[in-house]
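# A closer look at the structure
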Amino acid sequence: MFSLFFSNSILVKAQTIEEKIKEKNDKIETIVKDQKSAKIYLTDLDNKITQLENEYQKVLKEKNTSEKKLTEINQKITTLEEKIHLRNKLIEEQARNAQVNQKSDSIISVMVNAESLSDAVTAAFGMTKLISASNEIMQAQIDDKESLDELKKEAEKKVIDAEKETRSLEEKEKNLIEAKLNQSIKINEISASLATEQSEKEKFENQKQETEKRREEELKALAEKKKKEAEAAAILKAQEEESASIIKDQKNEVSQIDGNEDIGTGQGNTDTQEEK
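All of the points below concern the structure found in this document. Counting starts from 1 at the beginning of each chain's written sequence and moves along it residue by residue. Predicted model: local features are reported for residues with pLDDT of at least 70 only, side-chain atom pairs are reported and counted for 80 or more only, and whole-chain, interface and lining totals are derived from all residues. Side-chain measures here rest on the full set of heavy atoms in the structure, leaving out hydrogens and waters.

In terms of helices and strands, the protein chain carries three helices and zero strands. What you see in the protein chain, going N to C, is helices and strands ordered as α-α-α. Across the 276 residues that make up the protein chain, the buried fraction comes to 18%. Here the analysis covers contacts within the protein chain between residues at least 6 apart in sequence; of these, 89% occur between residues at least 24 apart. Methods summary: accessible areas were calculated by the Shrake-Rupley approach with a probe of 1.4 Å, and residue burial reflects only the protein chains presented. Taken as a whole, the protein chain presents about 20,800 Å² of accessible surface, with 52% of it coming from carbon and sulfur. Helix and strand assignments follow DSSP, with helices taken as H or I runs no shorter than four residues and strands as E runs no shorter than two, numbered in order from the N terminus. Think of it in three bands: residues with accessible area under 20% of the maximum for their type are buried, residues over 50% are exposed, and the middle band is partly exposed, with areas taken using a 1.4 Å probe on protein chains only. Contact criterion: two residues are considered in contact whenever any of their non-hydrogen atoms come within 4.5 Å of each other.

Written out as structure tokens, the structure is:
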């Protein structure tokens, strides 16, 4: 009776362990799904960071190109300003020379002081041509400087825009890298949790195996005990049957002896009566 109770107790314990294993399997399944989702999200972050890095390099290249172009424009402006400055000095010198040579500071004075009409026309034409050519050169240089100033403004704007965009991209990349770090930490935590649950599941599975082994041993011992009890009962029954048979035989023998004695006594009485 005790062995049967003990065996049933082991069975209940095995069922309880089986429920715990199922619970661990459910937890492990949930954790594995979370781990898979977390890894997918981490991969997505990696892709976004790579894409952002490529975009950052592209903008940085454009910024460097704009800065290089701005440097070239500034150099051209500096060179042109130097030319304009030298041209102004040259025009001033030419004007002073013309005034000294003609002893006057106007075309009218040149024409009045000329020895002949032909000299006057030639001198006036020469001064007019000189002034006109100088003015055209000056205007062309001024136009070039204005164009360069426009290009400079455009290049400066591109540099400023590129700087803003690179700062924005740097901030985005910083946030993504931080998110990736947090996600990596989360994955490590999930992996640790998974390892814990798997370890506990393994412990319960070992307990289950030990419990089942003990139950099998108990059932085997119980069967062996029942077998021995059955054998003992069979032997006892055989012995009882043998004893009963012996007793019966003995009774039969006694009855037979008694019967014989009764027959002998009756015969003796008959003989005595005949003699009389």
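Once the structure has been displayed, the description carries forward.
Throughout this description, the term salt bridge denotes a Lys or Arg side-chain nitrogen within 4 Å of a carboxyl oxygen of Asp or Glu. Inspection of every chain in the model, using the stated rule, returns 11 salt bridges. The residue lysine 27 makes a salt bridge to glutamate 23 at a minimum N-O spacing of 3.9 Å. Of this pair, lysine 27 and glutamate 23 are both found in helix H1 (residues 2-102), four residues apart, which corresponds to roughly one turn of the helix. Lysine 27 sits in the partly exposed class, given a relative accessible area of 35%.

A general tendency of soluble globular proteins is for nonpolar side chains to be buried together. For our purposes a nonpolar core is just a set of buried Ala, Val, Leu, Ile, Met, Phe, Trp, Tyr and Cys residues, chained together by side-chain atoms within 4.5 Å. Core analysis: the biggest nonpolar cluster contains nine residues, these being Leu70, Ile73, Ile77, Leu80, Ile84, Met138, Leu148, Ala155 and Val159. If one sorts the elements of this core by residue count, H1 sits on top with five residues. Core analysis: the next-biggest nonpolar cluster, separate from the first, contains eight residues, Leu52, Tyr56, Val59 and Ala162 among them.

In this scheme Phe, Tyr and Trp rings, the latter by its six-membered ring, pair at centre separations within 6.5 Å, and the angle between planes marks the pair as stacked below 30 degrees, edge-to-face above 60, and tilted otherwise. A complete count under the given rule lists zero aromatic pairs for this structure. Charge over a ring is defined by NZ of Lys or CZ of Arg lying within 6 Å of the ring centre and within 35 degrees of the ring normal. The ring of phenylalanine 204 has lysine 203 lying over it, and the distance from NZ or CZ to the ring centre is 5.3 Å.

This part is about a negative patch on the surface. Patch definition: residues above 30% relative accessible area lacking any salt bridge, with like charges linked at up to 9 Å and the nonpolar side chains Val, Leu, Ile, Met, Phe, Trp and Tyr linked at up to 5 Å. Counted as positive: Lys and Arg. Counted as negative: Asp and Glu, with His and the chain ends omitted from the count. All charge positions are set by atom: Lys at NZ, Arg at CZ, Asp at CG, Glu at CD. Residues Asp143, Asp144, Glu146 and Glu150 make up a contiguous surface patch of negative charge. In this structure, aspartate 143 sits in helix H3 (residues 117-275). Given the relative accessible area of 34%, aspartate 143 is considered partly exposed.

On to the environment of glutamine 51. As for its placement among the helices and strands, glutamine 51 is situated in helix H1. Glutamine 51 sits in the exposed class, given a relative accessible area of 56%.

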